[in-house]
Amino acid sequence: MADVYVIQVMAHHGYGLEGWRTVRKANGAPYGFGSYGSAYAALRAHFPTLREGLNVRVHRVSEPDEPPVSVKP
């Protein structure tokens, strides 16, 4: 398992409905970074007005080393 760092923003969808959402590219794939430092630099460059930890954060996720094998019935 490899660690990847992503940028997440707090989304508010109405009264009581909120949660962290991963920032994604236009094709739907998340922006992934190989280190915390590079993800944090991108966070500061693209979200300078948001408060770290409250509105935006860097989050570590684990990716499998190999893609899952699809089994056809």
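Refer to the structure above for everything that follows.
These figures come from a predicted structure and were not determined experimentally.

Participant: A description of the pattern of salt bridges should follow, citing residues and the corresponding values.
Facilitator: Here the idea is simple: oppositely charged side chains can pair when their charged atoms come close. On inspection of all chains with the given rule, the structure shows 1 salt bridge. Linking arginine 60 and aspartate 3 is a salt bridge whose minimum nitrogen-to-oxygen distance equals 3.9 Å. Here arginine 60, found in strand E3 (residues 56-63), pairs with aspartate 3, found in strand E1 (residues 2-12); they are 57 residues apart in sequence, far enough to count as distant. Judged by relative accessible area, which is 51%, arginine 60 ranks as exposed. For aspartate 3, a relative accessible area of 37% gives the class partly exposed.

Reading guide: rules and limits
- Residues numbered from 1 in each chain as written.
- Predicted model: local features only at pLDDT ≥ 70, side-chain atom pairs only at ≥ 80, totals over all residues.
- Heavy atoms only, no water.
- Salt bridge = Lys/Arg side-chain N within 4 Å of Asp/Glu carboxyl O.
- Helix = DSSP H or I, 4+ residues; strand = E, 2+ residues; numbered from the N terminus.
- Buried < 20%, exposed > 50% of the residue type's maximum accessible area, 1.4 Å probe, protein only.

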